[in-house]
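Reading the structure
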Amino acid sequence: MTIELLQQVRIINPLTKTDEICDVLIEDGYIRSVNDKIKIYDIPENTSIRDCQSLILGPGLVDLYSHSGEPGFEERETLTSFLKAACAGGFTRITLLPDTSPAIDNPAVVAKLHQLRKASQLSPLPLLNIWGAITHHVKGEKITELADLKTAGVVGFADGDALNNLALVRRVLEYLQPLRKPAAFWCCDRNISSDGVMREGANSIQWGLPGIPVAAETSAIAALLEIVTATFTPTHIMRVSTARSVQLIAEAKSKGLPVTASTTWMHLLLDTKAVKSYNSSLNLKAPLGNSEDMMALRRGVQQGIIDAIAIEHSPYTYEEKTVAFAQAPPGAIGLELALPLLWQNLVETGEFTALELWKALSTNPAECLKQSPSNIKVGEKAELTLFNPQETWKVESKNLHSLSSNTPWLGEELKGKVVGIWC
């Protein structure tokens, strides 16, 4: 039996919309007491007591979509290193996109991933959610056996890449209606984006990089919303990156369409000006927006138009990323960096409240996945993240649990570190 008393910890609970300082007693994985002050003589003798003044306790963080190297690209990330990085970043639930090799387009791969999770023997061990592939990655645009994947335990369906065949998208949403599982789409018209690698505008011209017009995203979102209007199937829009996209999603929600949306953490912190460095870790899918896009995304998160902040941890080897910006595979790691950087740049500056940020990283992502969010309440299972916003550390390969270090913050000192999770 393990019993822990967290004394005078700042509790952020989005479900009750409270931000307060209390004592919390955790016994064998359950929350046994939450009180202004728990007296020492009211707890068992073998209780481990921890002074948590200046620390923050919130529901465990939930990531909507990220990439694992394993199976197929273990040199980038094994499932064990992926889960270790998730723990270090405060994530108690993590959700894999299906672009592994082999792809997660059949029940056997789903079962293999769950076996690998158990074999990792980590403690604590985050919950592994899995997006089942919408299409067979080897056979091209052929819909997978959706019902079989649901039976295998996938949380929903996504490809992680753009699907420009609208007839197929409509058919998928029709098939998914009785399965009661969400579908997630990245909206990008490949014909419009062409070979672009950053947002089109003055900066792309100045730095000589092929631009991606805003319309590549917004036209695809508009088309998807028309199909959702016809099918009324719950749909999640991934990687929202433009101000106009936020407007389209707001209009859809005002009409009662069953849509949720997310942007990634880096799109809230950086804009096209950052690409001046030509750091290949800033080549992202979707590309960073301009400053107006970034501010619109921040407001969208605060107003609930953008439901969640996704991490989209995308590990790549040093060799894969040490190439010209336009040739680099898109993506950057983020599981261990997102909470400290978001807190430092949004909460400590006063732009976001602690509740606004934590909600977009924990309870809202769970609800997007049609899961029950964790709650800091007596009798509930302890699915929690403990965060020290003042602890400093340096982003170096030796300090990261991920096998990859493709991040524009490599070598920098950050303030804020997760110091424990329960899951």
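Residues numbered from 1 in each chain as written. Predicted model: local features only at pLDDT ≥ 70, side-chain atom pairs only at ≥ 80, totals over all residues. Heavy atoms only, no water.

Turning next to the sheet that holds strand β13 (residues 235-238). Read across the open sheet, the 8 strands follow the order β6-β7-β8-β9-β10-β13-β14-β15; overall the sheet is parallel. A strand with exactly one partner marks an edge of an open sheet, and here the two such strands are β6 (61-62) and β15 (308-310). Pairing between strand β7 (residues 91-96) and strand β8 (residues 127-132): 4 bridges, direction parallel. In the strand pairing of β8, Leu 96 is matched with Ile 130. Those strands touched by helix α13 (residues 354-361) are β6 and β15, and its axis lies near 65 degrees from that of β15. (Pairing = 2+ DSSP bridges. Helix = DSSP H or I, 4+ residues; strand = E, 2+ residues; numbered from the N terminus. Contact = heavy atoms within 4.5 Å. Axes fitted to C-alpha atoms, helices over the stretch in contact; angles between N-to-C directions.)

For the rest of this paragraph, the subject is the UniProt feature "domain: Amidohydrolase-related" (unreviewed entry) in the chain. The UniProt record marks residues 276-394 with the feature "domain: Amidohydrolase-related" (unreviewed entry), using the residue numbering of this structure. Secondary structure across residues 276-394 comprises 34% helix and 12% strand; the distance between its end C-alpha atoms is 23 Å. (UniProt positions renumbered as here; feature names shortened; annotations may be inferred.)

The subject of this paragraph is empty space enclosed by the protein. Rolled over the atoms, a probe sized like a water molecule indicates the empty space that remains. In this structure the tally under the stated criterion is 2 cavities of 30 Å³ or more. Each pocket or cavity is described by its volume, and for the largest cavity that value is around 50 Å³. Contributions of two or more residues to the lining of the largest cavity are made by α1 (79-89) and β17 (413-422). Residues that form the lining of the largest cavity fall into these classes: 4 nonpolar, 1 polar and 2 charged. Of the volumes computed, that of the second largest cavity is approximately 40 Å³. In terms of lining, the second largest cavity is formed by Val 197, Met 198, Arg 199, Thr 272, Val 275, Leu 282, Pro 287, Leu 288 and Phe 325. (1 Å grid on protein atoms, 1.4 Å probe; cavity = no way out; pocket = protein on both sides within 12 Å on 5 of 7 lines; lining within 4 Å. Points joined across faces, edges and corners; volume = space filled by probe spheres on them. Nonpolar A, V, L, I, M, F, W, Y, C, P; charged D, E, K, R; others polar.)

Tallied over the entire structure, the rule returns 3 aromatic pairs. Measuring from ring centre to ring centre gives 5.6 Å for Trp 343 and Phe 387, while their planes differ by 65 degrees; the resulting arrangement is edge-to-face. Here Trp 343, found in helix α12 (residues 338-347), pairs with Phe 387, found in strand β16 (residues 384-394); they are 44 residues apart in sequence, far enough to count as distant. For Trp 343, a relative accessible area of 3% puts it in the buried group. Classification of Phe 387 as buried rests on a relative accessible area of 0%. What links up through ring pairs into an aromatic cluster is the set Trp 343, Trp 358 and Phe 387. We note Arg 76 situated over the ring of Phe 73; from NZ or CZ to the ring centre the distance is 4.2 Å. Positioned above the aromatic ring of Trp 186 is the side chain of Arg 239, whose terminal nitrogen or guanidinium carbon lies 5.1 Å from the ring centre. (Phe/Tyr/Trp six-rings, centres within 6.5 Å; stacked < 30°, edge-to-face > 60°. Buried < 20%, exposed > 50% of the residue type's maximum accessible area, 1.4 Å probe, protein only. Lys NZ or Arg CZ within 6 Å of the ring centre and 35° of its normal.)

Looking at the secondary structure, you find Ser 404 in the loop between β16 and β17. Given the relative accessible area of 3%, Ser 404 is considered buried. Within the local environment of Ser 404, its side chain forms a polar contact with the backbone oxygen of Arg 76, the two atoms lying 2.9 Å apart. In terms of polar contacts, Ser 404 uses its side chain to reach the backbone carbonyl oxygen of Tyr 316, at 3.1 Å. (Polar contact = N/O pair within 3.5 Å; in protein donor to acceptor, adjacent residues only side chain to side chain.)

On to helix α2 (residues 107-119). Spanning 13 residues, α2 covers 18 Å between terminal C-alpha atoms, matching the ideal 18 Å at 1.5 Å per step. Residues Val 109, Val 110, Leu 113, Leu 116 and Arg 117 constitute the buried set of α2. Looking straight down α2, one finds its buried side chains confined to an arc of 125 degrees; they lie on one side. Away from the buried face of α2 by more than 90 degrees, exposed residues Ala 108, Lys 118 and Ala 119 are located. The distance from a side-chain oxygen at the start of α2 to the backbone nitrogen of Ala 108 is 3.0 Å, and the residue carrying that oxygen is Asn 106. (Expected span 1.5 Å × (residues − 1). Arc of directions from axis to C-beta.)

Proximity of charged atoms lets side chains of opposite charge pair with each other. In this structure the tally under the stated criterion is 11 salt bridges. As a salt-bridge pair, Arg 10 and Asp 19 come within 2.7 Å of each other at their nearest N and O atoms. By relative accessible area, Arg 10 is classed as partly exposed at 28%. (Salt bridge = Lys/Arg side-chain N within 4 Å of Asp/Glu carboxyl O.)

On to unusual backbone geometry, then. Here the residue pair Glu 70 and Pro 71 is connected by a cis peptide bond, since its omega of 0 degrees sits within 30 degrees of zero. The residue Pro 71 is located in the loop between β6 and α1 in this model. In this structure, Pro 124 follows Ser 123 across a cis peptide bond, with omega equal to 0 degrees. Summarising the element assignment, Pro 124 is placed in the loop between α2 and β8. With a phi angle near 55 degrees, Arg 180 is a residue other than glycine that sits in the positive phi range. Mapped onto the elements, Arg 180 comes out in the loop between α4 (166-176) and β10 (183-186). By relative accessible area, which is 74% here, Arg 180 ends up exposed.

A separate point is the nonpolar core. Core analysis: the biggest nonpolar cluster contains 96 residues, and Leu 113, Ile 237, Trp 265, Ile 309, Leu 342, Trp 343 and Leu 357 have the highest contact counts within it. Sorting elements by how many residues they give to this core places α12 first, with 7 residues. Excluding anything up to four places from it in sequence, Ile 309 contacts Thr 263, Thr 264, Trp 265, Leu 268, Val 301, Leu 342, Leu 357, Ala 360 and Leu 361. Formed by 15 residues, the second largest nonpolar core is a distinct cluster that contains Ile 11, Ile 31, Cys 52 and Leu 55. (Core = buried A, V, L, I, M, F, W, Y, C linked by side-chain atoms within 4.5 Å.)

What follows concerns the packing of α12 against α13. Two elements in contact, α12 and α13, have axes separated by 10 Å at closest approach and are oriented at 150 degrees. Judged by the angle between their axes, α12 and α13 are roughly antiparallel. Between α12 and α13 the crossing geometry is right-handed. Here Leu 339, Leu 342, Trp 343 and Val 347 of α12 lie close against α13, whose contacting residues are Ala 354, Leu 357, Trp 358 and Leu 361. By residue class, the composition of the contact of α12 with α13 is 8 nonpolar, no polar and no charged. (Parallel < 35°, antiparallel > 145°, perpendicular 65-115°, else oblique. Left-handed = near helix turned anticlockwise from the far one by under 90°.)

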